[in-house]
Each structure stands twice: as structure tokens, then as C-alpha cells.
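An overview of the molecular structure
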Amino acid sequence: MVLKAELHCHIEGAALPTLVESQAKKYGVDVSAFIHDGAYHWHDFSSFLAAYDAAANLFRSEEDYAALAETYLTGLASEGAVYSEFFTSPDHAERAGLSPQAYTEGLAQGIARAKAKTGIEGRIVVTGVRHFGPAAVEKAARFAATCGHPLVTGFGMAGDERSGHPRDFVRAFDIAREAGLGITVHAGEFGGADSVEAALDHFSPARIGHGVRAVEKPDLVRRIAEEGVVLEVCPVSNVVLGVFPGFAHHPFPQLYAAGCRLTLNSDDPPHFHTGIGREYAVASEHFGLDETALTAVTRTALEAAFVDEETRRALLLRLAAAEAARAVAE
Ligand code: ADE
Ligand code: ZN
């Protein structure tokens, strides 16, 4: 099995419908409006975000979040992942009645439990939600910058990219950058190439969440390749949410051929009937990546991970050893 690494997954969006149903039972909430027959149901990006918010609202204690992270990471490890960075949202925790500190501590406990069981390394990228506005995003950045938790290594912004202009969020990203956090931002999903360009100009991110609609502007694709900005590509999410009509129309192969540094990610896996294994399988079946190319995708993710250099070196060695063993077996 090719070893994998995931840089782009929203922890609340990783909650399995069965887990959300058991949380709903615990808290006496009816979830039949968005979960039935063991699956999430929504019909467009806005109703997806509403289902996401409603599911997130059912995780209310430190232990709820520990169990969520542990379940997600042990599942990821069983698909061959050695590293995961997931997005957290202190705003969602506060809306569910939990402090950002307790939320982060719970998730960190889940990371530790999954690591003890499977060896998977995990880190946390705190995000602000764009459509909650600049003040909320700045508050999330300030929390990320001051919480002092060793597993919080990055800051990003998710949510509806069509809301607000990047200039409104510059302060938030400056706060995070000055605290030494890695920077990523969602752009080029529901916004076009101009949105990606504005994100690069205003935030100087090391990585872009999605970024795939950069393909609409060849000069921008060249810039992304030249500057080595890493794209957190989520192919199944893009097709399920209708960003592209099918895998045959997905720009992964074009961006790859242009020399962009690409990774593969599941975004909100059970919402999109995906997982890291399926993303790699899609890249193999639809984008023509063989096992050597898929391993290179994992290497790119580890190189771009917001992790200390000692851990990065150990992960890269583990990947090289697995690749050498695979070459011998062939
Ligand atoms: N939050 C959770 N999933 C998201 C996505 N695909 N785009 C933007 N924000 C999100
Ligand atoms: Zn995302």
C-alpha cells in the first residue's frame, strides 16, 4: 500500500453519520433533516455548510472531540496514512458551548490516543470561518497565536470564499504568521483564479486549500509553480460540490504537468463519500498517477507539512523505506 498523508480535512466534517447520530441521541436532538439511511443529505454548498454546522453542534465536550479525532485518525491510519493535519474551528466549538482551549485539548487527546494505537502523527491547523466575518477570523487567529499548544502548528481560513475580500482578513493572517504558524487559506474553490491571486497577494500562504481554479489563468499557474506554493487538492469534494462536472474535467493533470506542487485530500470525507484511500485511487484511475507518482504526492505533503523538522525527517525516512521495499517487491 502506498503511504499517504493528508493536509486538508475539517475535523467536524470528518464526523461519521453514525457517530453524529449517537451524539444526537445523547443530547436529545433530531438529525433526520440532514442524516438518514446512514448518510448525510444536502443539495448544494450552502445546505452542505448548514449540515456541517448542525453536525458540529453535537460535539459539546472535551471527550466528544477526543473521540471524534481518535475515530478519524485511526480510520485514516488504516488507509495507509502516516500523517494528518486537520482543520479546527474554535467558532464551532464556542457555538456548541465549549471553550477553544478545552476543544483543542480534547482534539489533542484524540491525536495522542490514535498515535499510541497506530503510530499516525497529527497536527492541528486552527481556522477562521470567512463568512463569520473578519472579527471572528481575527479572534481565531489570536487564539491560534496564543494558545501555546504544541500540536497547533498552523492557521487557515475556510468557509464561503465568496464572502468578503482578502484585504479584510490581512490582520488575522499577520497575527498568525508573526506567531510562527504555517499559513494556508481556502481559495479557488467557489471563487475563480482572481480569488487565488488575491489570496497569494494578501496572505503569502505556503499552501492554498483547493486552489484548483487557478487553472483558469495560465500566468497564475506559472506563478504557483515558480513560487512552490503547495495546493491541497480535494478531487472528490470538487466533483461532489459541482466545482467541476466530473473527474475528466478536473484540472489536477494540467496543474501537475505545469509543475505545481500538489497533494491529495478528503476535505469532509463522509459528506462526499470519500476518504484518503479513495482520493489516491481517483488520482490513479482518472489522473494517471502510478505508485511512484502517488508516493511523490505523499512526499510533497510531508515536505509542506506544518511540523517540526525532526518529525518531518522521520516521516520522510519512513516513506523512503516503504518506497524501497515496494521497489524490491516489484
Ligand atoms: N468548510 C468545510 N468544508 C469546506 C469547503 N469545502 N470549502 C470551504 N469551507 C469548508
Ligand atoms: Zn476545505
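Right, let's walk through the structure included here. The numbers attached to residues start from 1 for each chain and follow its sequence in the written order. For this description, chains carry letters from A and ligands carry numbers from 1, given in the order in which they are written. Reporting of local features is limited, given that this is a predicted model, to residues whose pLDDT is at least 70; pairs of side-chain atoms are given and counted only at 80 or more, and all residues count toward the totals for whole chains, interfaces and linings. With hydrogens and water stripped out, all remaining heavy atoms of the structure feed into the side-chain values.

1. Details of the overall build of the chain
Rules: Secondary structure elements are defined from DSSP: runs of H or I of at least 4 residues count as helices, runs of E of at least 2 residues count as strands, and each element is numbered from the N terminus. Note on method: radius of gyration uses C-alpha positions; expected globular size equals 2.2 Å times residues raised to 0.38. Type-normalised accessible area, obtained with a 1.4 Å probe on protein chains alone, sets the label of each residue: buried when under 20%, exposed when over 50%, and partly exposed for intermediate values. Residue contacts are counted whenever heavy atoms from the two residues lie within 4.5 Å of one another. Reported accessibility uses the Shrake-Rupley method at a 1.4 Å probe radius. Residues are deemed covered only where the shown protein chains occlude them. Asp and Glu count as negative and Lys and Arg as positive, but His and the ends of the chain are not part of the count. The atoms used to mark charge sites are NZ of Lys, CZ of Arg, CG of Asp and CD of Glu.
A tally of regular secondary structure across the chain gives 14 helices and ten strands. Taking 330 residues into account, the globule formula puts the C-alpha radius of gyration at 20 Å, and the chain, at 18 Å, falls close to it. Looking at the chain as a whole, 60% of its 330 residues are labelled buried. At a minimum sequence separation of 6, the contacts of the chain that also span at least 24 residues come to 73%. Split by element, the accessible area of the chain, about 12600 Å² in all, is 53% carbon and sulfur. In the chain, the 28 positive side-chain charges and the 44 negative ones have mean positions that sit 3 Å from each other.

2. Quick look at the coordination of the zinc ion (ligand 2)
Think of it this way: four donors in a tetrahedron around the metal ideally sit 109.5 degrees apart, and six in an octahedron ideally sit 90 or 180 degrees apart. Note the threshold: Shown as donors are all N, O and S atoms within 2.8 Å of a metal ion, widened to 3.2 Å for Na, K and Ca; because water is not in the atom set, sites may appear incomplete. Working rule for geometry: tetrahedral if four donors all subtend angles between 85 and 135 degrees; square planar for four, octahedral for six, if opposite donors exceed 155 degrees and the others stay between 65 and 115; irregular in every other situation.
Surrounding the zinc ion (ligand 2) are the protein donor atoms His8 (NE2), His10 (NE2), His186 (NE2) and Asp267 (OD), at 2.1 to 2.3 Å. Considering all four donor atoms around the zinc ion (ligand 2), the spread of angles at the metal, 86 to 173 degrees, places the coordination shape in the irregular class. Counting residues between consecutive donors of the zinc ion (ligand 2) along the chain gives the motif H-x1-H-x175-H-x80-D. Note that histidine 186 is positioned in strand 7 (residues 182-187) and aspartate 267 in the loop between strand 10 (261-264) and helix 12 (276-287), a separation of 81 residues in sequence. The exposure class assigned to histidine 186 is buried, which follows from its relative accessible area of 6%. Among the residues examined, aspartate 267 registers a relative accessible area of 2% and is labelled buried.

3. Observations regarding the pattern of salt bridges
So the rule is basically this: Take a side-chain nitrogen of Lys or Arg and a carboxyl oxygen of Asp or Glu: if they are within 4 Å of each other, that pair is a salt bridge.
As enumerated under the stated definition, the model contains 25 salt bridges in all. The salt bridge involving arginine 177 is made with aspartate 174; its shortest N-O contact spans 2.9 Å. You can see arginine 177 and its partner aspartate 174 sitting in helix 7 (residues 170-178), three residues apart, about one turn around the helix. The class of aspartate 174 is partly exposed, set by a relative accessible area of 28%. Residue aspartate 201 pairs with arginine 223 through a salt bridge whose shortest N-O separation is 3.0 Å. A residue pair is termed long-range when its members are at least 10 positions apart, and aspartate 201 in helix 8 (residues 193-203) and arginine 223 in helix 9 (residues 218-227) qualify at 22 residues. Overall, the relative accessible area of 49% leaves aspartate 201 in the partly exposed class. Look at the salt bridges and you will find they share partners, linking Glu63, Glu70, Arg113 and Lys117 into a network.

4. A word on the pairing of strand 6 (residues 152-158)
Formally: Strands are treated as partners if at least two bridges between them are detected by DSSP. We call a crossover right-handed when, viewed with both strands directed away from the observer, the connection leading from the first strand over the helix to the second proceeds clockwise.
Most of strand 6 is tucked away: seven of the seven residues are buried. Here strand 5 (residues 121-129) runs beside strand 6; their pairing, made up of six bridges, is parallel. Across the sheet, residue glycine 128 finds its bridge partner in strand 6, namely methionine 157. Traced from strand 5 through helix 6 (residues 134-146) to strand 6, the parallel crossover comes out right-handed. Pairing analysis gives two bridges linking strand 6 to strand 7, with the strands arranged parallel. Counterpart to glycine 154 in the pairing with strand 7 is glycine 182. This β-α-β element, strand 6 to helix 7 to strand 7, shows right-handed connectivity.

5. Let's talk about the environment of glycine 180
Looking at the element boundaries, glycine 180 is found in the loop between helix 7 and strand 7. Take glycine 180: its relative accessible area is 60%, and that puts it in the exposed class. On a C-alpha basis, the gap between glycine 180 and leucine 316 in space is 22 Å, while along the polypeptide they are 136 residues apart.

6. Let's talk about unusual backbone geometry
The phi dihedral of aspartate 37 is positive, around 50 degrees, even though this residue is not glycine. You can see aspartate 37 is positioned in the loop between strand 2 (35-36) and strand 3 (39-40). Classification of aspartate 37 by relative accessible area gives exposed; the value is 77%. Residues other than glycine seldom take positive phi values, yet aspartate 267 does so here, at roughly 70 degrees.

7. Thoughts on the site of ligand 1
Convention followed: A single heavy atom is enough: if one lies within 4 Å of a molecule or strand, its residue is considered near that molecule or strand. Two N or O atoms form a polar contact when they lie within 3.5 Å of each other; inside protein one atom must be a possible hydrogen donor and the other a possible acceptor, and for residues adjacent in sequence the pair counts only when both atoms belong to side chains.
All residues adjacent to ligand 1 are His10, Phe45, Phe48, Tyr52, Ala158, Gly159, His186, Glu189, His210, Asp267 and Asp268. One of the backbone N or O atoms of glycine 159 is found 2.9 Å from a nitrogen atom in ligand 1. In the model, a nitrogen atom of ligand 1 is placed 2.7 Å from a nitrogen or oxygen of the aspartate 268 side chain. The protein chains hide 98% of the 260 Å² of surface that ligand 1 would expose on its own. Here the shell around ligand 1 gets three residues from one element, more than from any other, and that element is helix 2 (residues 45-56).

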